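# Observations on the model geometry
Okay, here's what each chain looks like letter by letter:
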Amino acid sequence: MDPIVEEASNPSLPFPDITRNLFDLTGYCSIVTGAGQGIGRALATGFAHAGSDLVLVDLKPSVLEETAARIAEVGHRVATVVTDVAALDAPERIVSTALDLSGRIDVLVNNAGIMGYADIIGITDEQWDRMYGINLKAPMRIMREVLKQMVTAGRGSVINIGSSWSSRASVFNQDGGGVDYCSAKAALQSLSRAAA
């Protein structure tokens, strides 16, 4: 008998259960930053439809409440944190809210971010610091706080929303972002790999 066929017919080999919904998040608690609109809102809504409770984070209360209302319509628990992700107390507030909501944290999506179009000659230190503060330092600080819970629980996933411009910077094509944005997203990509 062909050894490949023989191995495939061996019932002791682990085969994935393809009848199971691999996107089932029932009982999970997921955090999405920048959840008030765009990608963040779409992800949060998708997570809710997959069964997850949500902690929504955004700077703008009005759009955050709109997203929260959509999640509530799906039928899952939802809590909001109105904050600038770069605020010193943001990580602790986010984690505390998630633990109060469900006692666990299963998923963190670091989606909040800003765009910039500065060139290397014209950029100011303030622009640079703001870009890195929101697009790199804030995700690191939130990850650091969330990972303490995930390590203790022995489970969890972190998703950092990057950009294709992190590997193909585009100062001359302003649709792609400037040196501040491109380099901050490249650093976020490296941070994600190093943390993993």
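Everything that follows concerns the structure shown earlier in this document.
I will try to describe carefully the structure that is included in this document. (Residues numbered from 1 in each chain as written. Predicted model: local features only at pLDDT ≥ 70, side-chain atom pairs only at ≥ 80, totals over all residues. Heavy atoms only, no water.)

### As for the overall build of the protein
Convention followed: A run of DSSP states H or I qualifies as a helix once it reaches four residues; a run of E qualifies as a strand once it reaches two. Both are numbered from the N-terminal end. By the convention used here, residues are in contact when the closest approach between their heavy atoms is within 4.5 Å. Only the protein chains shown count as cover for residues, with accessible areas throughout obtained via the Shrake-Rupley method and a probe of 1.4 Å.
Helices and strands together make up the secondary structure of the protein, namely six helices and five strands. In the protein, the succession of helices and strands from N to C terminus is α-β-α-β-α-β-α-β-α-β-α. Long-range pairs, those at least 24 residues apart, make up 65% of the contacts in the protein with a sequence separation of at least 6. For the protein, the computed accessible surface area is about 10900 Å², with 57% contributed by carbon and sulfur atoms.

### A word on the pattern of salt bridges
Put simply, the rule reads: Between Lys or Arg on one side and Asp or Glu on the other, a salt bridge is scored when a side-chain nitrogen of the former is within 4 Å of a carboxyl oxygen of the latter. Here's how the labels work: a residue is buried when its accessible area is under 20% of the maximum for its type, exposed when over 50%, partly exposed in between, all with a 1.4 Å probe on protein chains only.
Under the counting rule described, the total for this entry stands at five salt bridges. Notably, a salt bridge pairs R104 with D106, separated by 2.7 Å at the nearest N-O pair. Given the relative accessible area of 25%, R104 is considered partly exposed. Look at D106 and you get buried, because its relative accessible area is 4%. Close ionic contact of K148 with E145 constitutes a salt bridge, the shortest N to O distance being 3.3 Å. Within this pair, K148 and its partner E145 are both found in helix α5 (residues 125-153), separated by three residues, close to a single helical turn.

### Quick look at the pairing of strand β5 (residues 157-160)
Stated formally: The rule for pairing is simple: two strands pair if DSSP sees at least two bridges between them. If the strands point away from the viewer and the path from the first strand over the helix to the second runs clockwise, then the crossover is right-handed.
Relative to β5, strand β4 (residues 107-110) is paired through four bridges, and the arrangement is parallel. Among the inter-strand pairings, L108 is bridged to a residue of β5, identified as V158. Chirality of the crossover, the property in question, places the unit of β4, α5 and β5 among those that are right-handed.

### Looking at the packing of helix α4 (residues 90-102) against α5
Test applied: Every axis in this analysis is a line fitted to C-alpha atoms, fitted for helices over the stretch in contact. Angles between the N-to-C directions lie between 0 and 180 degrees. Throughout, a crossing is termed right-handed when the near helix is turned clockwise from the far one, and left-handed when it is turned anticlockwise from it by less than a right angle. Ten residue types, Ala, Val, Leu, Ile, Met, Phe, Trp, Tyr, Cys and Pro, are classed as nonpolar, four, Asp, Glu, Lys and Arg, as charged, and the remainder, Gly among them, as polar.
As a packed pair, α4 and α5 sit with axes 8 Å apart at the nearest point and diverge in direction by 35 degrees. Note on packing geometry: the crossing formed by α4 with α5 is right-handed. Between α4 and α5, the contacting residues are P91, E92, I94, V95 and L99 on the first element and R141, I142, E145, V146 and Q149 on the second. When grouped by side-chain class, the residues that make up the contact of α4 with α5 number six nonpolar, one polar and three charged.

### As for the pairing of strand β2 (residues 53-58)
The side chains of a regular strand alternate between both faces of the sheet. The element β2 is largely enclosed, with a buried count of six among its six residues. In β2, alternate side chains face the same way, and those of D53, V55 and V57 on one face and L54, L56 and D58 on the other are all buried. Sheet topology note: the strand β1 (residues 29-33)/β2 ladder contains five bridges and is parallel. Across the sheet, residue I31 finds its bridge partner in β2, namely V55.

### Topic: the layout of surface pockets
To keep it simple, the criterion reads: The distinction between a cavity and a pocket rests on a 1 Å grid over the protein atoms alone: a 1.4 Å probe fits inside a cavity but cannot get out, while a pocket stays open yet meets protein on both sides within 12 Å along at least five of seven lines, and a residue with an atom within 4 Å of a point counts as lining. Grid points are joined across faces, edges and corners, and a volume is the space filled by probe spheres set on the points.
Quantified by volume, the largest pocket comes out at close to 540 Å³. If you trace the largest pocket, you find 23 residues lining it, with G34, N111, A112, G113 and I114 closest to the centre. Secondary-structure elements contributing two or more residues to the lining of the largest pocket are α2 (38-49), α5 and α6 (179-195). Across the lining of the largest pocket, the residue classes tally to nine nonpolar, nine polar and five charged.

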